[in-house]
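# Examining the three-dimensional arrangement
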Amino acid sequence: MPSGVRYWTVVDDDFEVVWDADQWLRFLWFGRSRAELTTKAYAEGVSLYLLWCRITGRQWPQAARDMGLFMVWLKYPPSTPDGEPASVVLDPGAEPARRERRINGVLTAVRGLLSYAMSVGEAPRSVLGQIYELADSRDLPLEAQGEDSGLSYRLRAVHRVQEPETEVDRATDDELVAMFLECRNARDRLIVLLLGRVGAAPWPGGRTAPQRLSGSAQPAGAGG
């Protein structure tokens, strides 16, 4: 942009900005202050949706009714020499092109684009019922239902892939004691004790938040 501010957007085969997607991504970046990596992931997801619409001859504002076919395409995209549409013919046990977490991320981006397009009149209102369904609080875990026993309603995404649960390899008592003895200051010992008691929360992708044990109590990156 002329101000020097940069943001992620979507372009077509002629490197022309896709106006509707660009307006939504601008809204996320400037109006909602979303993180740059978030807008990057959304731009990538929307570009896949627009590509699928183009090669299958669909209009993206109305293609939400075929979201199930888009999910199949994301997992097992047909490959042809010229990029034209092709039927999905794969051998049993074929490796999916994208895993469950990645597909759900793409679907989140597509739902965001379609919801924004509907709010500004670029997509029909019927789209909302194709991507969301009315759900109540009874299907939520007890921890998420709150203390209020009343029934509450919410919008739940219609299309979602079940993600496999990732098991976290917790440290044994002997490993925790060894780490504790290696600590050289009170801060590191406190970190080991806390992580040993409550565990470490998984980061996106199933990884565990990294912890670094320093040789002094000085904050990382601070000058001497």
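Structure: see above.
The shown structure was predicted, so the numbers you read here are calculated from the model rather than taken from an experiment. (Residues numbered from 1 in each chain as written. Predicted model: local features only at pLDDT ≥ 70, side-chain atom pairs only at ≥ 80, totals over all residues. Heavy atoms only, no water.)

### Focus on the overall build of the protein
- Helix and strand counts for the protein come out as eight helices and two strands.
- The order of α-helices and β-strands along the protein, N terminus first, is α-α-α-α-α-β-α-β-α-α.
- Looking at the 224 residues of the protein, the share that counts as buried comes to 26%.
- In the form shown here, the protein has an accessible surface area of approximately 15,500 Å², with 53% of it arising from carbon and sulfur atoms. (Helix = DSSP H or I, 4+ residues; strand = E, 2+ residues; numbered from the N terminus. Buried < 20%, exposed > 50% of the residue type's maximum accessible area, 1.4 Å probe, protein only. Areas by Shrake-Rupley, 256 points an atom, 1.4 Å probe, with all protein chains shown as cover.)

### Things to note about the packing of aromatic side chains
- Taken as a whole and judged by the stated rule, the model has seven aromatic pairs.
- Ring geometry for Tyr7 against Phe30: centres 5.9 Å apart, planes inclined by 70°, an arrangement best described as edge-to-face. Of the two residues, Tyr7 sits in the segment before helix 1 (19–31) while Phe30 sits in helix 1, which places them 23 residues apart along the sequence.
- The lysine or arginine in question, Lys40, covers the ring of Trp8, its NZ or CZ lying 5.4 Å from the ring centre. (Phe/Tyr/Trp six-rings, centres within 6.5 Å; stacked < 30°, edge-to-face > 60°. Lys NZ or Arg CZ within 6 Å of the ring centre and 35° of its normal.)

### Re the nonpolar core
- Trp24, Val46, Tyr49, Trp60, Met67, Phe70 and Leu114 are the most contacted members of the largest nonpolar core, which totals 36 residues.
- Counting residues per element, the ones that place at least two in this core are helix 1, helix 2 (36–55), helix 3 (67–75), helix 4 (100–119) and helix 5 (126–131).
- If you tally residues by element for this core, the top one is helix 4, at 10 residues.
- Beyond its immediate sequence surroundings of up to four residues, Trp24 is in contact with Tyr42, Val46, Ala109, Gly112, Leu113 and Tyr116. (Core = buried A, V, L, I, M, F, W, Y, C linked by side-chain atoms within 4.5 Å. Contact = heavy atoms within 4.5 Å.)

### Side note on a negative patch on the surface
- Together, Asp169, Asp173, Asp174 and Glu175 line one region of the surface with negative charge.
- Examined against the element boundaries, Glu175 turns out to sit in helix 7 (residues 173–182).
- Accessibility expressed as a relative area gives 42% for Glu175, which makes it partly exposed. (Patch = residues over 30% accessible without salt bridge, like charges linked within 9 Å, V, L, I, M, F, W, Y side chains within 5 Å. Salt bridge = Lys/Arg side-chain N within 4 Å of Asp/Glu carboxyl O. Lys, Arg positive; Asp, Glu negative; His and termini not counted. Charge placed at Lys NZ, Arg CZ, Asp CG, Glu CD.)

### Overview of the pattern of salt bridges
- Summed over all chains, the structure comprises five salt bridges.
- For Asp66, the salt bridge is made with Arg58, and the minimal N-O distance between the two is 2.9 Å.
- When the shortest N-O distance is used, the salt bridge between Asp188 and Arg187 registers 3.5 Å.

### Section: unusual backbone geometry
- Here the phi dihedral of Phe15 falls at roughly 60°; this positive angle occurs in a residue that is not glycine.
- Inspection of the secondary structure puts Phe15 in the segment before helix 1.
- Backbone geometry at Ser33 places phi at a positive 55°, although glycine is not the residue there.
- Counting through the fold element by element, Ser33 comes out in the loop between helix 1 and helix 2.
- Residue classification places Ser33 among the exposed residues on the basis of a relative accessible area of 59%.

### Re the environment of Leu48
- Note that Leu48 resides in helix 2.
- Put simply, Leu48 and Phe70 are 22 residues apart on the chain and 9.4 Å apart in space, counted from C-alpha to C-alpha.
- Non-local contacts of Leu48, meaning those with residues more than four positions away in its chain, are made with Phe70, Trp73, Leu74, Arg98, Arg102 and Val106.

### Describing the side chain of Thr39
- Within the fold, Thr39 resides in helix 2.
- Residue classification places Thr39 among the buried residues on the basis of a relative accessible area of 2%.

None of the figures reported here should be taken as evidence of function without further support.
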